[in-house]
Amino acid sequence: MANRDQVNERYYGQINSEESHEATRHRIHWICRHVQGRTVLDVGCSQGITSILLGREGFEVTAIDLEEDSISYAKKELRQESAPVRGRVHFQLKDISQFERPPGGFDTIILGEVLEHFAHPHPLLTHAYRLLNKKGTLVLSVPYGYHPFHDHKRTYYAGSLSRVLYPYFDEKALEVHHKYLCFAGCKKPKKLRDVQPGAEHLTRWMKLDEEQFRLVEQQHVRKMNQRKAALDKAVQRIRQMEEQFFSQGRYPLTEQMDKAQAEGRGDGAK
């Protein structure tokens with residue numbers, strides 16, 4: 001089943017809510033800010049908005065995806081750009097495993113909302129590690145916590161994502177933005193790939209997760225209080241209406257029951 005990611009439409013505010021529009025723009029701009037060097041491989045580029053934005057800024061971008069519809073859409077979008085941008089951005093229907101490492105390797109590889117679709121992420125990360133140059137940068141984003149989607153095979157929190165990435169990349173930035181984890185890191189030397197994370201890393205990841213859990217709890221408490229206040233207001237209004245009817249000698253519930261019984265006996269037939 002195709003994922004039908006509509007990231008370009010969300011970025012430009014053509015679909016979904018204003019909140020979704022703002023979150024998408026913020027996340028894509030975060031990714032663009034952390035790109036280093038000149039050459040970029042955008043893996044799982046979807047409709048191509050990140051690649052095109054980077055092309056406008058002078059980066060040489062190779063962008064790949066497995067969805068034919070997404071690549072066709074991206075190429076259509078690219079045709080609307082200036083000639084220099086069209087010359088710098090190249091969309092291809094291709095898997096990362098098909099790529100030969102270019103001379104010198106890529107300066108930056110982007111994995112925007114890709115990793116959560118892999119039950120076994122290490123082969124993908126191994127290819128990213130292989131294709132980067134010696135000081136290359138990985139920039140990625142994944143949904144933070146549980147996001148129900150038919151093709152999401154893993155759920156990530158700060159700790160779980162960082163442990164997956166730790167053998168390959170030195171963390172430079174790890175932040176949560178609009179329910180998404182955003183990571184930027186540098187390629188590790190091979191001799192350090194077997195080193196385990198220390199207590200300072202584990203503590204930092206735990207604190208980030210704890211802070212997010214606290215925010216979620218606060219949001220739930222706030223919503224529960226809002227619902228309770230709305231319910232209390234509704235109950236108060238019903239009691240006021242009852243008091244008003246009773247003061248007039250009217251009993252709405254009794255009247256409705258009498259009417260229903262009369263209709264059942266056929267008293268109201270004409």
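Now for a look at the structure at hand. Since we're looking at a predicted model, the values are computed, not measured. (Residues numbered from 1 in each chain as written. Predicted model: local features only at pLDDT ≥ 70, side-chain atom pairs only at ≥ 80, totals over all residues. Heavy atoms only, no water.)

### A word on the overall build of the chain
Check the secondary structure of the chain and you find nine helices and seven strands. For a compact globule of 270 residues, the expected C-alpha radius of gyration is about 18 Å, and the chain comes in at 27 Å, more than 25% above that figure. Expressed along its principal axes, the backbone C-alpha trace of the chain runs to roughly 90 × 50 × 30 Å. Within the chain, the fraction of its 270 residues that count as buried is 39%. Here the analysis covers contacts within the chain between residues at least 6 apart in sequence; of these, 67% occur between residues at least 24 apart. For the chain, the accessible area works out to roughly 16,300 Å², and carbon and sulfur atoms hold 51% of it. Positive and negative side-chain charges of the chain, numbering 41 and 36 respectively, have mean locations separated by a distance of 4 Å. (Helix = DSSP H or I, 4+ residues; strand = E, 2+ residues; numbered from the N terminus. Rg over C-alpha atoms; globule rule 2.2 N^0.38 Å. Buried < 20%, exposed > 50% of the residue type's maximum accessible area, 1.4 Å probe, protein only. Contact = heavy atoms within 4.5 Å. Areas by Shrake-Rupley, 256 points an atom, 1.4 Å probe, with all protein chains shown as cover. Lys, Arg positive; Asp, Glu negative; His and termini not counted. Charge placed at Lys NZ, Arg CZ, Asp CG, Glu CD.)

### Details of the layout of surface pockets
In this structure, the second largest pocket encloses a volume near 410 Å³. Contributing to the lining of the second largest pocket are 15 residues, with Tyr 144, Lys 179, Gln 212, Val 216 and Gln 219 lying nearest its centre. Looking at side-chain class alone, the lining of the second largest pocket contains seven nonpolar, six polar and two charged residues. (1 Å grid on protein atoms, 1.4 Å probe; cavity = no way out; pocket = protein on both sides within 12 Å on 5 of 7 lines; lining within 4 Å. Points joined across faces, edges and corners; volume = space filled by probe spheres on them. Nonpolar A, V, L, I, M, F, W, Y, C, P; charged D, E, K, R; others polar.)

### Digging into the side chain of Ser 141
Mapped onto the secondary structure, Ser 141 falls in strand 5 (residues 132-143). Given the relative accessible area of 0%, Ser 141 is considered buried. One polar contact links Ser 141 to Glu 113, side chain to side chain, over a distance of 2.2 Å. Setting aside residues up to four positions removed in sequence, Ser 141 forms contacts with Arg 27, Ile 31, Leu 111, Gly 112, Glu 113, Val 114, Glu 116, Leu 181 and Cys 182. (Polar contact = N/O pair within 3.5 Å; in protein donor to acceptor, adjacent residues only side chain to side chain.)

### So, the packing of aromatic side chains
According to the stated counting rule, one finds seven aromatic pairs in the structure shown. Considering the side-chain rings of Phe 99 and Phe 106, the 6.3 Å spacing of their centres and the 65° angle between planes classify their relative orientation as edge-to-face. Here Phe 99 and Phe 106 have matching classes, each one buried. A ring pair is formed by Tyr 144 and Tyr 157, whose centres lie 5.4 Å apart and whose planes are at 85°; its orientation type is edge-to-face. Taken as a pair, Tyr 144 in the loop between strand 5 and helix 7 (158-165) and Tyr 157 in the loop between strand 5 and helix 7 lie far apart in primary sequence, 13 residues in all. Among the residues examined, Tyr 144 registers a relative accessible area of 11% and is labelled buried. (Phe/Tyr/Trp six-rings, centres within 6.5 Å; stacked < 30°, edge-to-face > 60°.)

### Focus on a positive patch on the surface
There is a patch of like positive charges on the surface, built from Lys 179, Arg 222, Lys 223 and Arg 227. Note on placement: Lys 223 falls in helix 8 (residues 199-247). Looking at Lys 223, the relative accessible area reads 45%, which means it is partly exposed. (Patch = residues over 30% accessible without salt bridge, like charges linked within 9 Å, V, L, I, M, F, W, Y side chains within 5 Å. Salt bridge = Lys/Arg side-chain N within 4 Å of Asp/Glu carboxyl O.)

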